[in-house]
Amino acid sequence: MITALRTLFSEGFRIFFLAAGLYAVISIGLWVGWLGIHATGALVAEMPFAAPPHLWHAHEMIFGYAGAALGGFFLTAVPNWTGTKAARHLFIVTAFGLWLAGRLSVWWSGALDPFFVAAVDLAFLPLLASKIATQLVKRPKPQNLMFLLLLTMVWCGNLLVHLEWSGLIDDGVWPGLRLGLLGTISIIVVLGGRIIPAFTRNAMTRSGIGTNLPRSHRVLDGAAIATAILLPLLIVFAAPALAVALVAFLTGALQAARLAGWRGRWTLSQPILWSLHLGFAMLATGYMALGLAFLDLFSEVAALHLLGIGAIGGMTLAVMSRAILGHAGKALTVSTPIALAYLLIAISAIVRAAGSAGGIEWYNTATLVSGGLWIAAFTLFVAVYLPVILNLDSRA
């Protein structure tokens, strides 16, 4: 038991990717359970959290699930980028403790002082960012330092939510949730542009292919990142709907143009690669759907779920599964259950978006089915990778 705990807290990806997988199952299980009870005509009179259930659900997926996935990624990747030492056991334990305390404080917020809940829940990302900053200053490259800006954007989204929950402002929850979600998507826009063409190019080169490799264009990448950062700011500061729609369309089109040059068709026989392309395709689609929503031609909730489930869920699942294999010294190939999990997440996003876009008669059924698919995907992830995370199995 002690050896397993030491292993679990020895590297950031182990505890945080496991926490992300478990919380993905638990939090959606609770949400689907609440919806299912109400769909039968029964009623849950009280919940332990202060916010309405749909806001608890949105908050915890953005700042809970995605927060854990970001924590595991940055604690693992930044030392590789900078050549610095990875975080020690004590820091990883402390960071995880703050993340977990945030989840518990929000869950029990109905019985706690809202300022206490805010203080606890807002503590994790600054600690993570401070660790990243101390490592990045060793090799201060602008393309890496910008992640501190993006994490600050996500944190500010959570701050806005808590300012309203604490009664200090009247309109913070919805702008904050959108800022948190789209800020997280902006991080994926940056990282996806690095890892997807690079991983695909490396795989093609290993296969003996030396021509027509994935291409990246500096101007295109810069424009795609700039518009992805601009979009949530326009939404938070209540820019005209037409301006938001145009930027959302442009952002989606730029992501699609980038993706078109990354040789996605070649990866169809390799789930560990096509999962990344699929997640990024959901990202581009979600942006364009959001543009339609701001023209009142599509459901905004549907567009946000394409981004939240399809892009964040799909990309984090793909990256976490690959990172676990790579850092555990395993071959970079995934099993059939994990390939199935990749597909289940994409289908979950489409079903959930269809539920919102199709009207109230489809909402409950679509949401329950989508939630079940999400739970199945992350149950497979945890079942397959728990032994690898704990160094208990040589297979994945």
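Before reading on, note that the structure itself is shown above.
Model, not experiment: these values are computed from the prediction. (Residues numbered from 1 in each chain as written. Predicted model: local features only at pLDDT ≥ 70, side-chain atom pairs only at ≥ 80, totals over all residues. Heavy atoms only, no water.)

(A) Structural context of the overall build of the protein. Summing up its helical and strand segments, the protein has 14 helices and zero strands in all. Beginning at the N terminus, the succession of helices and strands in the protein can be written as α-α-α-α-α-α-α-α-α-α-α-α-α-α. The C-alpha radius of gyration computed for the protein amounts to 20 Å, which stays within 12% of the reference 21 Å derived for 396 residues, consistent with globular compactness. Taking the principal axes of its C-alpha atoms as reference, the protein extends roughly 60 × 55 × 40 Å. (Helix = DSSP H or I, 4+ residues; strand = E, 2+ residues; numbered from the N terminus. Rg over C-alpha atoms; globule rule 2.2 N^0.38 Å.)

(B) Structural context of the packing of helix 10 (residues 241-260) against helix 11 (residues 271-293). Taken N-terminus to C-terminus, the directions of helix 10 and helix 11 make an angle of 160°; their axes are 7 Å apart at the nearest point. The angle between helix 10 and helix 11 falls in the class roughly antiparallel. The two elements helix 10 and helix 11 meet at a crossing, and its hand is left-handed. Side by side, helix 10 and helix 11 meet where Ala 245, Ala 248, Phe 249, Thr 251, Gly 252, Ala 253, Gln 255, Ala 256, Arg 258 and Leu 259 of the first sit next to His 277, Phe 280, Ala 281, Leu 283, Ala 284, Tyr 287, Met 288, Leu 290, Gly 291 and Leu 292 of the second. (Axes fitted to C-alpha atoms, helices over the stretch in contact; angles between N-to-C directions. Parallel < 35°, antiparallel > 145°, perpendicular 65-115°, else oblique. Left-handed = near helix turned anticlockwise from the far one by under 90°. Contact = heavy atoms within 4.5 Å.)

(C) Spotlight on the environment of Ser 216. Residue position: Ser 216 is located in the loop between helix 8 (173-206) and helix 9 (218-236). In sequence terms Ser 216 and Phe 280 are 64 residues apart; their C-alpha atoms lie 15 Å from each other. Not counting the four nearest positions on each side in its chain, Ser 216 is found in contact with Gly 193, Pro 197, Asp 221 and Trp 262.

(D) Main features of helix 5 (residues 114-121). Inspection of helix 5 places Val 117, Ala 118, Val 120 and Asp 121 among the buried residues, and these make up the whole buried set. All buried residues of helix 5 project into a common sector of 165° when viewed along the axis, lining one side. Here the buried face of helix 5 lies against helix 3 (53-82), helix 4 (89-107), helix 6 (124-136) and helix 7 (142-165). For helix 5, the side-chain oxygen to backbone nitrogen distance between the N-cap and Phe 115 is 2.8 Å, and the N-cap itself is Asp 113. (Buried < 20%, exposed > 50% of the residue type's maximum accessible area, 1.4 Å probe, protein only. Arc of directions from axis to C-beta. Polar contact = N/O pair within 3.5 Å; in protein donor to acceptor, adjacent residues only side chain to side chain.)

(E) A look at the packing of helix 11 against helix 13 (residues 336-357). Relative to each other, helix 11 and helix 13 sit at 10°, their axes nearing to 10 Å. Between helix 11 and helix 13, the crossing angle belongs to the class labelled roughly parallel. Along its contact with helix 11, which presents Pro 271, Ile 272, Trp 274, Ser 275, Leu 278 and Met 282, the element helix 13 presents Ala 339, Tyr 342, Leu 343, Ala 346, Ala 349 and Ile 350. Residue classes in the contact of helix 11 with helix 13 are distributed as eleven nonpolar, one polar and no charged. (Nonpolar A, V, L, I, M, F, W, Y, C, P; charged D, E, K, R; others polar.)

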